[in-house]
Structures are given as C-alpha cells and as structure tokens.
Amino acid sequence: MVYCSLQLLGSSDPPASASQVAGTTGAHDHAWLIYLVFVEMRLERCMSIVTSMTAGVSEREANDALNAYVCKGLPQHEEICLGLFTLILTEPAQAQKCYRDLALVSRDGMNIVLNKINQILMEKYLKLQDTCRTQLVWLVRELVKSGVLGADGVCMTFMKQIAGGDVTAKNIWLAESVLDILTEQREWVLKSSILIAMAVYTYLRLIVDHHGTAQLQALRQKEVDFCISLLRERFMECLMIGRDLVRLLQNVARIPEFELLWKDIIHNPQALSPQFTGILQLLQSRTSRKFLACRLTPDMETKLLFMTSRVRFGQQKRYQDWFQRQYLSTPDSQSLRCDLIRYICGVVHPSNEVLSSDILPRWAIIGWLLTTCTSNVAASNAKLALFYDWLFFSPDKDSIMNIEPAILVMHHSMKPHPAITATLLDFMCRIIPNFYPPLEGHVRQGVFSSLNHIVEKRVLAHLAPLFDNPKLDKELRAMLREKFPEFCSSPSPPVEVKIEEPVSMEMDNHMSDKDESCYDNAEAAFSDDEEDLNSKGKKREFRFHPIKETVVEEPVDITPYLDQLDESLRDKVLQLQKGSDTEAQCEVMQEIVDQVLEEDFDSEQLSVLASCLQELFKAHFRGEVLPEEITEESLEESVGKPLYLIFRNLCQMQEDNSSFSLLLDLLSELYQKQPKIGYHLLYYLRASKAAAGKMNLYESFAQATQLGDLHTCLMMDMKACQEDDVRLLCHLTPSIYTEFPDETLRSGELLNMIVAVIDSAQLQELVCHVMMGNLVMFRKDSVLNILIQSLDWETFEQYCAWQLFLAHNIPLETIIPILQHLKYKEHPEALSCLLLQLRREKPSEEMVKMVLSRPCHPDDQFTTSILRHWCMKHDELLAEHIKSLLIKNNSLPRKRQSLRSSSSKLAQLTLEQILEHLDNLRLNLTNTKQNFFSQTPILQALQHVQASCDEAHKMKFSDLFSLAEEYEDSSTKPPKSRRKAALSSPRSRKNATQPPNAEEDTGCRWSRHQQLPRLEEEDTKPKPTKRKRKGSSAVGSDSD
C-alpha cells in the first residue's frame, strides 16, 4: 500500500513531502523512498536478492556469491543484473562498487541493463526523482567509458528526452549532462555514424532555445563548438540527416562559427567533404522520420499520436487546450511548433482504418498549431516547416503524405478561416524566389511537382476553386495566376476523393451532421495534472488512455450467421458471446473445437463459424500483443486467449491426421476474414511452451490458405505485423529468420519492412542478437543482391541495413562488387559505409581491382580516399597489387576489357582507368611526406607501361611516367645488363648530382595541372616529392 501511494510522486514533489506521506525520516528511509518512487516491484525483489548475498561479507566473497548465482541460469543472471542496476540508481554511495560487480557478472554485454535503461527513459523518466536521474546519467557515462556495445542507442534515447522550447532547470541540466558525455568521449562518438548525425540534429535544434542568461550562453557556446567540430570533421555522416539539416543551419546562420560554415557550404563544399557536391545535394534528400521523431519527447509523442488516432473530430478542443497548457504556453515554446509540424507531416501517416473514420485529421491539428503562434518569426518558421518538403519535392523519392497536410489546411480553412488560407498561399508564392535565389528554378519545379502530384493523386480534383476563390484579395489571386496558371482554370467544381498511395485518405471529416449522442461523455484520461484528486485524497496517476468508450464501437451482431449453424454449435457460440471472463470463454472455445473435430461435423459450416469467431474476437486484434515486460510468465499469459485454443489444439496433433487438416481449414477461413490471424499464429508458435519446436506448423497453415505459398503468406503477415506492432515485429524477427531461412535470407523485402520502422534501440537489440548468434539476417550467396536492393531505400533505412550487415562475420570481399552499382551522386549512404569498412581492411588484389574499376570523375573522391588511406597503412602491399594490375592490363588490347573475375561480371578495368586514378592519387599526395610513388614495384610497373603504351597515353600521363625517370631500367638491353646500366647511366649520374634540376622539373610538372578542380583553390605552394633511389640489386632482380 505504501508502494502504491508513493509510486505516483513525480520529480516535482519535494523529498520532504514524500517523507511526510510515509511517516518516516532519516537518510536511509529517504533513499528507500526515492527507490519506491520509481522502481517496479520486480526491481525491488532483484535488489533484495543482491543485498542478501552481499551484506556483511568481504568483497571477494560477495563476488564469488554473485558469480555462483549467475551461473545457475538466465533468470538468475537477469535478477543479479537488475538488482545491481537498481542499487546504482538508488544508492549513490555504492554506485562505483555495484558497477564493478555488474561488469564482472554480466554475461550478455550489459544487454539487460541497456534494455532497462531504454525502457525507463521511454516510459518512466518524468516520474524519476532527481537523485535517480543523476545516477542514470552517471551510469550511462560509465557505460560509454567502457565502450559497451549499444550505449550509443541509450545516448540517443537520452537525447530524445531533452525537450525543445523548454529552458527549465531540469531540462537544461539534462541537455548539458548528455553533451558533456558526448564531448568527453568524442573518440567513441566518432565510431557511430548514426550517433553523430543524431547528436548534430539534436543540438543544432537546441541552440536556438539557449540564449539570455549567462548559464544558457555558456551552454550555447559548448553546443556550437560541438556541432561545428562534427560538421567540419564528419560532414558525410551528417549528410544522412537530409534537407532538414539545411533548415536547422538556417536558424543559427547568424552565429559567427556557422556563418563561416555556410560560406564553405555555398562556395567551397569540398572543403567539408570530397563527396559533398553542394547544398542542392542536401536539399534533394528527404529527412528520415527517425530524425523528425527524435525532437519530440516520448511524452509529447504519445499524446500527439493519441490525438491523431483516438480523438474524434469535433471533440478535440479539450485535448488541444490541455496540450497547449502543458507544452506551448511559454514564450520559449514558440520554436516547438516547427518540431510538431515536421513530425506530423513526416512521421504521422495514418492507417486506412483511421483515415476512413471520424478521427481528428492531421490538417486540423496543423491548422490549430498555426493559430497558436504569437510572433511573426514563429509563424514564418511554422509555415516553412509545413511547406519544406514541397520545395524540392520529387515524386520518385518523396511521399505524397508529406505534402498532403498543407494543401488540405488551405482547402478546409477557406470557408471558416480564409485568412489562414490566404497567408499560406501568399507564403507559398513568395518562398519560391526568396528561399535561395540561386536555386529558384529548383524550388519552382518542386512546388509545381507538389501541386501536380496532388492533382494526379486526386487529393483535390482541381485547384482552381482554391487559387481563384473570391474570398482571396485581388493581388493574391493575380500572383497565383502568374505563378501557377496551369492550376487556375477548372472545367468543373472540385470533388474530394481518396488517394491510393501510400494509404487512402478520407478528406471530409466534418462532424456537424453526426449524432452527438453516439459519443461517450465519460472523462478521458488525457487530463491536467491539476485536476481534482480522487476520493481518497491522492493524486491520480496520469495515464494517456483513450476515451473509455472508444473500443466499444457497436454491439457484436452475429445474428445473420447463427441461423446457418447447427443447433448444438449455435448454442456454444451464444455461450461464447455471453462469456463473462477469459477462463469461461476458453472452456466454451475448447468445446467448439472438439465439436468441429467430431466425425459427423459438416465442414461446410467452417466458413460461417469463422465469421462468428472473427466478430466475437475483434478485441483480440486490437492493441499490442506483446506484453510490456517480457517474462516466461507474461508470455504464457498472453497466449491464453480463447482464439489461441485453435493454435494449441493444432500443436497437439499429428500432421497426417484428418483433424489437423480440418483445423487448418478453419484457420484458412478465419484468415480470409481477418488477415491478422497470420502473425498471431507466428506469435503463438514463438511464445507458447506448448508450441516449442512447432514453428513448421506455420508452413502448413500457409499452404492451407488461398495464397498457398509460404513466402507470400509470410511477407503479408510480417507486413501486417509491421503496421500494427513494431515491438512484436522485432520480437518475431530472430525466430522468422531462423525457422524460415530460405524465405527470409534472400528477401530484401522483409529486411526493408524491418529497417523502415525500427528505432535506434531496436536496431541495437537486433545487432546484439546477431552478435550473440541468435539471429542471422545475411548469408554469402544472397547478401550482395539484398544490399543492391537497399540502394533505393531511405537514408536511415540504408544505414540500418549496413549496421546489421557489419554485425555479421561476412568477408567484405563478398560484397565488394557492389561498387560497380554505386554512383557518387545517387548512393552516398552505401559509399560512406563501404569506405569506412574498407579502411579497416588490408587491401587484397580483388579489392584494389574493384576500387580502381570505378569510373573517374572529378567529384567522385571515393577511389582516391581509400587509396590514400591504404598508402598510409599498407603501402608495400598496395604497391604490389597495383603493379600486378598494371602489368596484367598492359598486356591486354587497348580497349575496355572485362576482367575474368569470379566475383563480378561487371568489373571493367582498363589501363587508362588505373593510370587516371594513380594520377589523382599522385596529385593528392603532393603536399604530404608520403613516398608511395618512390617504391620499386610502382616505378617498375610505370616503366613497363611506358615502354609499351602509345603516344596518346604517354602525353596524357606524362607527369605520372616522369616519376620513374630516376629509376633506370633500360628496356633496350637484356635483363642481365640492367644492373650495369643502372650504375653507369649518364642521366642517372646527372640526376644524382643535380637535385635542384629535379626540383625545378617537379615544379614544372605541377604547373601543368593547376586547372584541375581539386587544386585550383589551394594556396600553398606544392613541395617536390622526395624520392630515394632503391638499390640496384632490386632493379637487377626484376624479371620484367
């Protein structure tokens, strides 16, 4: 009872009040109360186990006892880990010792602790007392220091808790604490591309809020330094953010450091990265929903999703008022409107069921947010956030769902609020020339493409009633006719229809003609913290529940089906309908199954029975299937639903039994009426002890359905699971890949389903499964094809796919042929991931061949980048491989020949390509001390090529061939006389005695290349490359 009364105390309650409630005093009692405020009963039990084992014994004895207990099994291991975790949060004095013990006893790389931290951050952080919050930050810092795999996911979840538009002391403390961790452990941060991008996105956004007081100014400067350093050093990682990176940088453009950065972005983009071609490259890349979602706290996100999925249109005012009081009531919260609008446009894409209902539409929420802006700057930024995806919209890459809210806000506001429509139309016209004048043509094309796509998809049938409406002033209508003449004439009034891609969109959601009596007037749990206390005087715990009546849509009506059933079966179905509790329904359901399995049962009634069951058990298919806390007990309890008795009986039968076929037929009929039954069967086979080892039953089920195909059925069921329950999708993934390898390991479709919806914590969980051997998502014979398919996915989805691939122990040479498919402008994600992985590898001849096979282009620096890195780390090995490739290709005819490579039929490597890449490398190494081109194999190969190539090649690569001039290898004499020639050559003696001439000659060669794009901006005078002559014995030993 004490626990229940204290659980609701939030961090805003002073510790004194907590002591008064419990009637206790003292430091120990106070710590106990802090613990009771936030912790679950299970954590209390785990902590007591650890305390009982370690109290009153030496540290060594305690370690031995903990290790012995952990070795008993996985449940005991979890208990100890959670117990030590709880002690760390509640007993600061013991935190250091408990963390050492935790590091010693953990057998899963801290996975249990990481998952628990993520759960607390997402669900209970706001209820934590200050001491627990401080200890949680301390623990994350220690995990990062230790380099624990998955700590980056926890850091990203922590950043999500930092609210935008909030300068309260606790929020500022959290922002600074996380920033300190990232700054102190900079080298660790640089190892994770996703963390770099997420951190830059988060703190670029927060900089805008932090101004005024000295404390905020100091924090702001730390954030500026942090973001600038990452943007300048790791710009390609930041590039994955997409076009919203430009929007955030625009907001801070007047800060001196960012002003200099903008100059480089516009005038010297390659100073940031050789692969960065300019601001247009960023603006044409859509921002992934992962970034848009990271700037809403879990609490905000939950409430916003509630409004877009449960609140009925016409009843939204009380919810909007609550949301505004909670998050939008301060002057600093003006900047939060942009985050909310970008989230609604880019992340909230409602399902067909929601769109065809009377649920509050997205455009209505955005229209309301626009009316809450109290400053011109906030209003302009909010309008830019709404239209941002319009400016560079491409139907091939962007989604209609991102641009649809803006047009519907204008359409539906025309009658009740014409001023809102007018200001949005005016903004749309004026943003074209003013967003960025050098790209005016691109912006104009983007807006035109958006409007054209809206009409094509029939979001609105015609735009003329909107653009040429009498309620707009003449000047605005004239401007619209000038800018968009194509859309200002309509043969007939507009008719609103549903769009088909990606989901159908119900436009008309007006409630004025609906009967108000059909709505429940009961209070929703979406309420103010200051609402009345309950009858016992205790403050109610706030839970973000739907209106109480929402799940009771209409009384279940199975009357049309009852007359078609036999009398005995009809009676049982009626009993099932009247069942008061789950246990009683299960008993009746078993009786129904038994009757179906009787020999005289009429199989023609299966379809009617399936229709009855589908109606009666609609509630089974609503909400989440997976328990909040996954334990053996909770899993077994979750599969105790009446409908699952069909699955249980199926598991207990032999596959060659006629009863087995009959139940499969019943499930097939159910599947036609309720497709969700498929992934519910998968979950039952995964979770139930009675179904252990029976996952192959799903294949029998798939063959019994009308689809009749395992692959098609599995893909459809996983897609339905993805749309309904992402947690369940991640939970099923290891089993699906393990049990159906032939259907999954070759499927880029399934991988795309997964990476399209998982968050960073779920990605980390899957990576851990792979590394622990529980999950295999790629194999050698299909990984290349899947990665090639991923090139068309969203940026974040591609990075997730590469992270999962890198967690597998698959040689990089298996996928190196993908280089032939990668274009530097279209596939920066794959190129970046591949480049970072190649730098960790020793170059093989096959790798070098594939790298050199890339077409030469001034803006594509991939080949030069990796060759330069290999020059620094593996110069001798690289030189040998290049020598081999030069000599092989020099012996081929002078045209593009395809190497007979076992790994790629696409690899086309010519002598000219190799020489062009080597010349680029030579220019890149000019101002360095690297003497790669003075190595014997390179000089030998260059002389070999020069001796037999045509005059055109000699002229084009004269500077490259001149590097071998010091190396004497007279091709006119037999091989045995080469040593003598090397010692007596006049030119050799001349070069040896006149170094100034060599220096002068090098300078001349440099001047002939001053017009190359990469060199024209360098100010420093290049220095000649110092080359030491190799010993004559090396020359004489050459067999070429």
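Residues numbered from 1 in each chain as written. Predicted model: local features only at pLDDT ≥ 70, side-chain atom pairs only at ≥ 80, totals over all residues. Heavy atoms only, no water.

A. Local environment of the overall build of the chain. Within the chain one finds 58 helices and zero strands. In the chain, which comprises 1040 residues, the proportion classed as buried is 54%. Sequence separation of at least 24 residues holds for 74% of the intrachain contacts in the chain that already meet a minimum separation of 6. Accessible area of the chain: about 46400 Å², with a carbon and sulfur share of 50%. (Helix = DSSP H or I, 4+ residues; strand = E, 2+ residues; numbered from the N terminus. Buried < 20%, exposed > 50% of the residue type's maximum accessible area, 1.4 Å probe, protein only. Contact = heavy atoms within 4.5 Å. Areas by Shrake-Rupley, 256 points an atom, 1.4 Å probe, with all protein chains shown as cover.)

B. View of the pattern of salt bridges. Under the counting rule described, the total for this entry stands at 46 salt bridges. Aspartate 398 is the partner of arginine 243 in a salt bridge, and the nearest nitrogen-oxygen pair spans 3.2 Å. Of this pair, arginine 243 sits in the loop between α15 (235–238) and α16 (244–251) while aspartate 398 is found in the loop between α25 (376–387) and α26 (400–413), placing the two residues 155 residues apart along the sequence. For arginine 243, a relative accessible area of 0% puts it in the buried group. Put simply, arginine 922 and aspartate 919 hold a salt bridge, and the shortest N to O gap is 2.9 Å. With arginine 922 and aspartate 919 both in helix α51 (residues 911–924) and three residues apart, this pair spans about one turn of that helix. (Salt bridge = Lys/Arg side-chain N within 4 Å of Asp/Glu carboxyl O.)

C. Molecular detail of the environment of arginine 868. Mapped onto the elements of the fold, arginine 868 is located in helix α49 (residues 862–873). Residues within four places of arginine 868 in sequence aside, it is in contact with Leu921, Asn924, Leu925 and Thr928.

D. Main features of the confidence of the model for the chain. Scored by pLDDT, the chain comes out at a mean of 80, with 81% of its residues at no less than 70. Low confidence marks residues 491–553, where pLDDT is under 50. Its contacts with residues over four positions away, or in another chain, come to 129 contacts. The low-confidence segment residues 894–907, where pLDDT is below 50, has 36 contacts with residues more than four positions distant or belonging to other chains. (pLDDT = per-residue confidence, 0-100.)

E. Region of interest: the packing of aromatic side chains. Taken as a whole and judged by the stated rule, the model has 26 aromatic pairs. Ring centres 6.2 Å apart and planes at 75 degrees place the aromatic pair tryptophan 322 and tyrosine 327 in the edge-to-face group. Its relative accessible area of 2% is what places tryptophan 322 among the buried residues. The exposure class of tyrosine 327 is buried, given its relative accessible area of 13%. Aromatic pair phenylalanine 323 and tryptophan 368: ring centres 6.3 Å apart, planes at 75 degrees, arrangement edge-to-face. Linking phenylalanine 323 in helix α21 (residues 317–327) with tryptophan 368 in helix α24 (residues 362–371), this pair joins segments that are 45 residues apart in sequence. Ring pairs connect the aromatic residues Trp322, Phe323, Tyr327 and Trp368, which therefore count as one cluster. (Phe/Tyr/Trp six-rings, centres within 6.5 Å; stacked < 30°, edge-to-face > 60°.)

F. Fine view of the packing of helix α9 (residues 130–145) against helix α11 (residues 169–184). Two elements in contact, α9 and α11, have axes whose closest approach is 10 Å; the angle formed by their N-to-C orientations is 15 degrees. With respect to their mutual orientation, α9 and α11 come out roughly parallel. The crossing of α9 and α11 is right-handed. Along its contact with α9, which presents Asp130, Arg133, Thr134, Val137, Val140, Arg141 and Val144, the element α11 presents Lys170, Trp173, Leu174, Ser177, Asp180, Ile181 and Glu184. For the contact of α9 with α11, the per-class residue count stands at six nonpolar, two polar and six charged. (Axes fitted to C-alpha atoms, helices over the stretch in contact; angles between N-to-C directions. Parallel < 35°, antiparallel > 145°, perpendicular 65-115°, else oblique. Left-handed = near helix turned anticlockwise from the far one by under 90°. Nonpolar A, V, L, I, M, F, W, Y, C, P; charged D, E, K, R; others polar.)

G. Representation of unusual backbone geometry in the model. Even without glycine at this site, methionine 110 takes up a positive phi of about 70 degrees. For methionine 110, a relative accessible area of 5% corresponds to the buried category. Phi is positive for arginine 458, close to 60 degrees, though the residue is something other than glycine. With respect to the secondary-structure elements, arginine 458 resides in the loop between α28 (440–456) and α29 (464–467). Using a relative accessible area of 39% as the deciding quantity, one classes arginine 458 as partly exposed.

H. Region of interest: the side chain of glutamine 595. Tracing the sequence through the fold places glutamine 595 in helix α33 (residues 582–596). Note on glutamine 595: relative accessible area 11%, which makes it buried. Ignoring sequence-local partners within four residues, the contact set of glutamine 595 consists of Ser568, Leu569, Lys572 and Phe601.

I. Region of interest: the nonpolar core. Counting residues in each nonpolar core, the largest one holds 328 residues, and the members touching the most others are Phe258, Trp390, Ile407 and Phe467. The residues touching tryptophan 390, leaving out its near neighbours within four places in the chain, are Ile403, Ala406, Ile407, Met410, Met428, Gly446, Val447, Ser450, Leu451 and Ile454. (Core = buried A, V, L, I, M, F, W, Y, C linked by side-chain atoms within 4.5 Å.)

J. Region of interest: a negative patch on the surface. On the surface, Asp566, Asp581, Glu583, Glu587, Glu591, Asp594, Glu598, Glu599, Asp600, Asp602 and Glu604 cluster together into a patch of negative charge. The topology assignment puts glutamate 598 in the loop between α33 and α34 (606–616). Here glutamate 598 falls in the partly exposed class, since its relative accessible area comes to 42%. (Patch = residues over 30% accessible without salt bridge, like charges linked within 9 Å, V, L, I, M, F, W, Y side chains within 5 Å. Lys, Arg positive; Asp, Glu negative; His and termini not counted. Charge placed at Lys NZ, Arg CZ, Asp CG, Glu CD.)

K. The arrangement of the packing of helix α5 (residues 59–70) against helix α7 (residues 95–105) in detail. As a packed pair, α5 and α7 sit with axes 10 Å apart at the nearest point and diverge in direction by 40 degrees. Viewed along their axes, α5 and α7 adopt a mutual orientation that is oblique. The way α5 lies across α7 gives a crossing that is right-handed. Every residue of α7 that contacts α5 at Glu59, Asn63, Leu66, Asn67 and Val70 is listed here: Lys97, Arg100, Asp101, Leu104 and Val105.

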